[in-house]
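# A closer look at the structure
This is what each chain is made of:
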Amino acid sequence: GNSVTQMEGPVTLSEEAFLTINCTYTATGYPSLFWYVQYPGEGLQLLLKATKADDKGSNKGFEATYRKETTSFHLEKGSVQVSDSAVYFCALRAILTGGGNKLTFGTGTQLKVEL
Amino acid sequence: DGGITQSPKYLFRKEGQNVTLSCEQNLNHDAMYWYRQDPGQGLRLIYYSQIVNDFQKGDIAEGYSVSREKKESFPLTVTSAQKNPTAFYLCASSIGGTGGYGYTFGSGTRLTVV
């Protein structure tokens, strides 16, 4: 079946440091890939996405490239801020038998950014 | 503005009671989903619905029930058969079909058994 594996957290960085959160996936076919962010006590917000191999999703300084050869979708940001502290979820969207779709999530990686 | 509204934000349930969590969207999305979030386990799919009057079980449907009588609404009932219902519940919606669309999530309901 489909699955998503993320690096375990928490990840603690100083402000302006470089961020990488690793994500690899297992899926049949060609799923779409997503990164979501969750702030404390809230729902998930879509951060970026990529729908085919070699696509790069980007938003708010975050980037991730869909690498089919390594089945990866690592999240990066060149200079993190305290306001980036949150939990980040990698997810894949697979097509269901009979149509429709389903998101499968990783376990989430907590990011803490300190001054 | 369009979005998804979940209510209540906090809910307390006594042992043996059924409780219903509300989820309403005004995005005109065809598909709606319920996920359960537990610490360290990510999100797990409970039920989903692709069209009105139709829904399917997800990965952890036991002890839960849903209905989809209107496009805008997808309530989740946590029954007394659910042995460990304390969790954060998230509702989501999306454009249906097979395109690479993301989901829009509500702000969640935190259910606690007392």
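Use the structure listed above.
Residues numbered from 1 in each chain as written. Chains lettered and ligands numbered in written order. Predicted model: local features only at pLDDT ≥ 70, side-chain atom pairs only at ≥ 80, totals over all residues. Heavy atoms only, no water.

### Focus on the state of the cysteines
All chains considered together, the criterion is met by two disulfides over all chains. Through a disulfide, Cys23 of chain A is tied to Cys90 of chain A; the S-S separation comes to 2.0 Å. One quick way to see it: the torsion about the S-S bond of Cys23 of chain A and Cys90 of chain A is about -70 degrees, and its sign makes the bridge left-handed. Taken together, the residues span a long stretch of sequence, with Cys23 of chain A in strand E4 (residues 23–26) and Cys90 of chain A in strand E10 (residues 86–95) at a distance of 67 residues. Both residues of the pair, Cys23 of chain A and Cys90 of chain A, belong to the buried class. Note on cysteine connectivity: Cys23 of chain B is disulfide-linked to Cys91 of chain B, with sulfurs 1.9 Å apart. (Disulfide = S-S within 2.5 Å. Helix = DSSP H or I, 4+ residues; strand = E, 2+ residues; numbered from the N terminus. Buried < 20%, exposed > 50% of the residue type's maximum accessible area, 1.4 Å probe, protein only.)

### Topic: the interface of chain B and chain A
On the side of chain A, 23 residues touch chain B, which itself brings 27 residues to the contact. Summing both partners gives a buried area of about 1,800 Å² for chain B against chain A, and 51% of it is carried by carbon and sulfur. Our count for the chain B to chain A interface comes out at one salt bridge. Residue Lys102 of chain A pairs with Asp59 of chain B through a salt bridge whose shortest N-O separation is 3.1 Å. The interface formed by chain B and chain A holds six residue pairs in polar contact (both at pLDDT 80 or more) in total. Those elements that provide at least two residues to the side of chain B that touches chain A are strand E4 (31–37), strand E5 (43–51) and strand E9 (87–94) of chain B. Per-element accounting of the side of chain B that touches chain A gives the leading share, four residues, to E5 of chain B. The residue inventory of the side of chain B that touches chain A, partitioned by class, reads 11 nonpolar, 14 polar and two charged. (Contact = heavy atoms within 4.5 Å. Buried area = accessible area lost by both parts, 1.4 Å probe. Salt bridge = Lys/Arg side-chain N within 4 Å of Asp/Glu carboxyl O. Polar contact = N/O pair within 3.5 Å; in protein donor to acceptor, adjacent residues only side chain to side chain. Nonpolar A, V, L, I, M, F, W, Y, C, P; charged D, E, K, R; others polar.)

### Here's the deal with the pairing of E4 of chain B
Residues and elements named next belong to chain B. When you tally the buried positions in E4, you get seven out of seven residues, the bulk of the element. Residue alternation in E4 divides its side chains into two sets, Ala31, Tyr33, Tyr35 and Gln37 and Met32, Trp34 and Arg36, and both sets are buried. Both E4 and E9 contribute to a ladder of seven bridges, which runs antiparallel. The partner of Trp34 across the bridge, within E9, is Cys91. The antiparallel pairing of E4 with E5 creates a hairpin that spans five residues between the two strands, and Gly40 there sits at a positive phi of about 75 degrees. (Pairing = 2+ DSSP bridges.)

### Considerations on the side chain of Thr77 of chain B
Take Thr77 of chain B: it is sitting in strand E8 (residues 76–78). There is a polar contact of 3.0 Å between the side chain of Thr77 of chain B and the side chain of Thr20 of chain B.

### Topic: the sheet that holds strand E3 (residues 19–21) of chain A
Residues and elements named next belong to chain A. The strand order across the open sheet formed by four strands is E3-E9-E8-E7, and the pairing between neighbours is antiparallel. Edge positions in the sheet fall to E3 and strand E7 (56–59), since each has one partner strand and no second. Sheet twist, expressed as the average angle between the axes of neighbouring strands with direction ignored, equals 15 degrees. Here E3 pairs with strand E9 (residues 75–77) via three bridges, running antiparallel. When the bridges of E9 are listed, Thr20 appears paired with Glu76. (Axes fitted to C-alpha atoms, helices over the stretch in contact; angles between N-to-C directions.)

### Re the packing of aromatic side chains
In the structure shown here, the tally under the stated rule is 14 aromatic pairs over all chains. Seen from their ring centres, Phe105 of chain A and Tyr35 of chain B are 5.4 Å apart, and the 90 degrees between their planes marks the pair as edge-to-face. Of the two residues, Phe105 of chain A is situated in strand E11 (residues 101–105) and Tyr35 of chain B in strand E4; the pairing between them involves two chains. Phe105 of chain A gets classed as buried once you look at its relative accessible area, which sits at 8%. (Phe/Tyr/Trp six-rings, centres within 6.5 Å; stacked < 30°, edge-to-face > 60°.)

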